[in-house]
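For reference, the chains in residue letters:
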Number of protein chains: 2
Amino acid sequence: MVETNFTVSELYDAWPVLSHEERVEGFELLRRDDADQFFLQLSARDRAQLIMTLPAGERRLWLRLLAPDDAADVIQAVSPERREALLDVLDDMTRREVKGLLDYAEDEAGGLMNTRYSRLRPEMTVDEAISYLRRDARAREKTVYYAYVVDPTEHLLGVVSFRDLIVAPGDKRIEAVMRKEVISASEDLDQEALSRMFMRHHLLMMPVVDAEGRVKGVVSVNDIVDVVQEEATEDIQKIGGVATIEGPYLQVPLLQMIRRRAGWLAALFIGEMLTATAMGHFEKDIARAVVLALFVPLIISSGGNSGSQATTLVIRAMALGEVRLRDWCRVIRRELATGLGLGFILASIGLLRILVWEIFFDAYGQHSFLIGLTVALSLVGVVLWGCIAGSLLPFILRALGFDPASASAPFVATLVDVTGLVIYFSVASLVLRGTLL
Amino acid sequence: MVETNFTVSELYDAWPVLSHEERVEGFELLRRDDADQFFLQLSARDRAQLIMTLPAGERRLWLRLLAPDDAADVIQAVSPERREALLDVLDDMTRREVKGLLDYAEDEAGGLMNTRYSRLRPEMTVDEAISYLRRDARAREKTVYYAYVVDPTEHLLGVVSFRDLIVAPGDKRIEAVMRKEVISASEDLDQEALSRMFMRHHLLMMPVVDAEGRVKGVVSVNDIVDVVQEEATEDIQKIGGVATIEGPYLQVPLLQMIRRRAGWLAALFIGEMLTATAMGHFEKDIARAVVLALFVPLIISSGGNSGSQATTLVIRAMALGEVRLRDWCRVIRRELATGLGLGFILASIGLLRILVWEIFFDAYGQHSFLIGLTVALSLVGVVLWGCIAGSLLPFILRALGFDPASASAPFVATLVDVTGLVIYFSVASLVLRGTLL
């Protein structure tokens, strides 16, 4: 065998920037147990890519290294027509388990669970349980830290952690040691709700039960860390106005990257075209008082920025469960007060700026105070509207069954831009009638 | 004792919307063991608030319920002048541990670790280890799932999980069962890097060691879930252009909310004032061709939106470790290609829109094609510039030692607004010279 210069760590660090061929090459240069360790650190997508380029014999080897739920993730990551071939390399029992897991949606408890967990009976003693677990292959799964106490029909009676077993006296009965109030998840529980339960109760593992209370599998906190990270990435990308991009930034093919961003960008662009229509409506006013045009970017961007703040805060608060659908009225009241406060602050700065420029540069002619007033009043209106629209939109989206995070900052900015123009020119025609207009 | 209608769950759900007095009242109505369970579900901030309103005797009771690291978090959450009083209610040993923990920054490994972990010696047998752990109070800590094998001076030799102890033959020596390659963190490791190590190696627990390799404590994955969630919230708020808001949205006092948002908003507003200056510079062009003003919002917002996409993607990729400082050149090349692609897509839509409006509404007069060309060329330039500025900014911030997430979407939009105007009017004066201008 060729001596390798690679270490697991070096290969892991270089991975994101390696081509597909370099990856396979690097992987094959690892020593066998390094390769095992390395393979277990990869994401399901990377595992799938790697496995599919290996000869069928090796494919079997690597796929069998994985627990059923991890194997299911890998199979889900390859194209549908190649899944059967991968399922075929599994042994019968694992194949049945994996097939069962593939029926669940990826983002529900059932799709995250591991079907291999350790079962105990309530009448065992602690010492009996320990020697039973020593013989039970399922207890050897690295991700198992609890044994579930079940009746003969798999109904959940209680739970003992491996820690409980270690610290309890050996002759005590399991039913005296086990915790009877077990926090469990139903098979179709959404992964975001599941992660909130894990965080709230500081759990390491949670059993997944069917409608009859029978244990179907267990979800481990390690999967939950990934879920929390994934959900945050999804929300951040949505807030930034990008359709969710699957995979690391540098690895997404360029055309896919453009497609993922062009959709939203074009939609926003088409929405923003209404600003040209709105401006066209006020073309005569602009022709008469060109000075009005100068403040258009300032005013609409202030609305966009305050709206983007409001929507970001509300979306995150919803994701963390701090704000629920029925809190909309409290949120609006908060944003009303906040928007007024922020509007007055920006209006004062804006008015001051115009007056100072007038005094020193004679920039805006004899009606500069009226212009300043127009800008200031518009700012209060636009910022207030930005806060209200930005905070309401996530509620509306959620009420309609959409993801509130789709109320991205650019989406809110676009919405507020169009209405901001209408507010600005309406205020202008009120304040400047008879003087500039 | 008064019979209570509250359950832990009901109180927990109502908590965010209760006033401080209602919370204390609700908490005191819980049955004793429900109250224990409830208290452990609260955040450090809520625990601190609650504890400070209880009489001194009860304060001692509740604080002693917590592990030293959790107690340290509570003490950190109260005002500095009241910390001594809280430290005084602890027993001597815990007080020493808590004081040691308070010396670490909150966001480094040392600030997250629990000082109570179980130690074993390599020469013990598995059965001896189990019966030793049965007598060791530290093993009773709910958050301990590993025992660390150390030499007499606390140097780390290896690790065994409680699961390993259960499944290994009872007469095997610990040194034969333990894993010798232990992934450990140094005391001052940043919590973001720490959480990446947890995720990469699927760990439940990691020992924290000092410069000499002596174990100081352990960090549990449950703390890491909180860290991941916290860091994501911080990044999301920064991307949305809000200074980090500590505490749930509905509970932050209104004035603090306004202050936290006004800072960025005013800074952006002052930056955005440059647009008025830039527009003022082109005032004569606008007066001659008012039609130019109509497309100002459309063009600058397109730059802002594409910049916001780019900055969001790069910030998140950096946070996940997918993109490092030295990758800036690869990122720029990507954004150059992406920006050109996106620019051409928007330019085509924009040109089409202007020509269609011209044909059907005769909207822009005889030079409509030239106007369309101006808008289209400007869009390519502005979108390209948005992508480049948006993706470069996080790199520049990180290189200067700032948090890349400060390159918020509104910040990038403001930057691109000003330059976008310059691009637009420069293109206009090139294309329209001799006709409209």
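Keep in mind it's a predicted model, so treat the numbers as computed, not measured.

Thresholds applied
- Residues numbered from 1 in each chain as written.
- Chains lettered and ligands numbered in written order.
- Predicted model: local features only at pLDDT ≥ 70, side-chain atom pairs only at ≥ 80, totals over all residues.
- Domains from an automatic or database assignment.
- Least-squares fit on C-alpha atoms with pLDDT ≥ 70 in both.
- Pairing = 2+ DSSP bridges.
- Helix = DSSP H or I, 4+ residues; strand = E, 2+ residues; numbered from the N terminus.
- Axes fitted to C-alpha atoms, helices over the stretch in contact; angles between N-to-C directions.
- Parallel < 35°, antiparallel > 145°, perpendicular 65-115°, else oblique.
- Contact = placed C-beta atoms within 7 Å.
- Nonpolar A, V, L, I, M, F, W, Y, C, P; charged D, E, K, R; others polar.
- Left-handed = near helix turned anticlockwise from the far one by under 90°.
- Buried ≥ 20, exposed ≤ 12 C-beta atoms within 10 Å, placed from the backbone.

**Student:** Let's hear about the domain arrangement of chain A: which residues, and what values?
**Tutor:** Interfaces are often described in size by the accessible area the parts lose on coming together. Along its sequence, chain A is organised into domain 1 (8–102), domain 2 (118–239) and domain 3 (254–431). A separation of 49 Å is found between the C-alpha centroids of domain 1 of chain A and domain 3 of chain A.

**Student:** Give me the relation of the copies chain A and chain B: which residues, what numbers.
**Tutor:** Superposition record for chain A on chain B: RMSD 0.1 Å, screw rotation 180°, translation along axis 0.0 Å. Such values leave the two copies arranged in the relation of a two-fold axis.

**Student:** Quick rundown of the pairing of strand β3 (residues 156–161) of chain B? Include the residues and the values.
**Tutor:** All names here are of chain B. Direction of pairing for strand β2 (residues 146–150) relative to β3: antiparallel, over a ladder of five bridges. Of the residues in β3, the one forming a bridge with Val149 is Gly158. Counting the residues between successive antiparallel strands, the hairpin from β2 to β3 contains five residues, one of them, Glu154, with a positive phi of roughly 70°.

**Student:** Can you break down the sheet that holds strand β1 (residues 118–120) of chain B residue by residue, with the values?
**Tutor:** Residue and element names in this part refer to chain B. Taken together, the three strands give an open sheet; going across it, the order is β1-β2-β3, and neighbouring strands pair in mixed fashion. Both edges of this open sheet fall to β1 and β3, since each of them pairs with a single strand only. Averaged over neighbouring strand pairs, the angle between their axes works out to 35° when direction is ignored.

**Student:** Which residues make up the packing of helix α2 (residues 20–29) of chain A against helix α4 (residues 44–53) of chain A, and what are the values?
**Tutor:** Residue and element names in this part refer to chain A. One way to put it is that α2 packs onto α4 with a least axis distance of 10 Å and a crossing angle of 80°. In terms of their interaxial angle, α2 and α4 are classed as roughly perpendicular. Every residue of α4 that contacts α2 at His20, Arg23, Val24 and Phe27 is listed here: Gln49, Leu50 and Thr53. Residues belonging to the contact of α2 with α4 are distributed by class as follows: three nonpolar, three polar and one charged.

**Student:** Quick rundown of the packing of helix α18 (residues 296–319) of chain A against helix α21 (residues 409–431) of chain A? Include the residues and the values.
**Tutor:** Residues and elements named next belong to chain A. Between α18 and α21, the least distance of the axes is 8 Å, while the angle of their chain directions is 140°. In terms of axis orientation, α18 runs oblique to α21. Like other packed secondary-structure pairs, α18 and α21 cross with a definite hand, here right-handed. Taking contact as the criterion, the partners of Ile299, Ile300, Gly303, Gly304, Gly307, Ser308, Thr311 and Thr312 in α18 are, on α21, Ala409, Val412, Ala413, Val416, Asp417, Gly420, Leu421 and Tyr424. Counted by class, the contact of α18 with α21 contains eight nonpolar, seven polar and one charged residues.

**Student:** So what's going on with the interface of chain A and chain B? Residues and values would help.
**Tutor:** Taken together, the contact between chain A and chain B spans 99 residues of the former and 99 residues of the latter. If one sorts the elements of the side of chain A that touches chain B by residue count, helix α15 (residues 254–281) of chain A sits on top with 16 residues. Residues belonging to the side of chain A that touches chain B are distributed by class as follows: 62 nonpolar, 21 polar and 16 charged.

**Student:** Explain the pairing of strand β6 (residues 215–220) of chain B to me, and be specific about the residues and the numbers.
**Tutor:** All names here are of chain B. Within β6, six of the six residues are buried, leaving the element largely enclosed by the surrounding structure. As paired strands, strand β5 (residues 205–209) and β6 are joined by five bridges and run antiparallel to one another. Each bridged residue has a counterpart across the sheet, and for Met206 the counterpart in β6 is Val219. Between β5 and β6, which pair antiparallel and follow one another directly, the connecting turn spans five residues, one of which, Gly213, has a positive phi of 80°.

**Student:** Quick one: what's the story with unusual backbone geometry, residue by residue and with numbers?
**Tutor:** Phi at His202 of chain A takes a positive value of approximately 50°, unusual for a residue other than glycine. Along the chain, His202 of chain A turns up in the loop between α13 (191–201) and β5 (205–209). We note that Glu154 of chain B has phi near 70°; this positive angle belongs to a residue other than glycine. Checked against the element boundaries, Glu154 of chain B lands in the loop between β2 and β3.

**Student:** Could you give an account of the sheet that holds strand β6 (residues 215–220) of chain A, with specific residues and numbers?
**Tutor:** Residues and elements named next belong to chain A. Pairing is mixed in the open sheet, where three strands are placed in the order β4-β5-β6. Across the chains shown, the open sheet's two edge strands, defined by having one partner strand only, are β4 (185–186) and β6. One ladder, built from two bridges, connects β4 with β5; its direction is parallel. Counted as the bridge partner of Ala185 is Val208 from β5.

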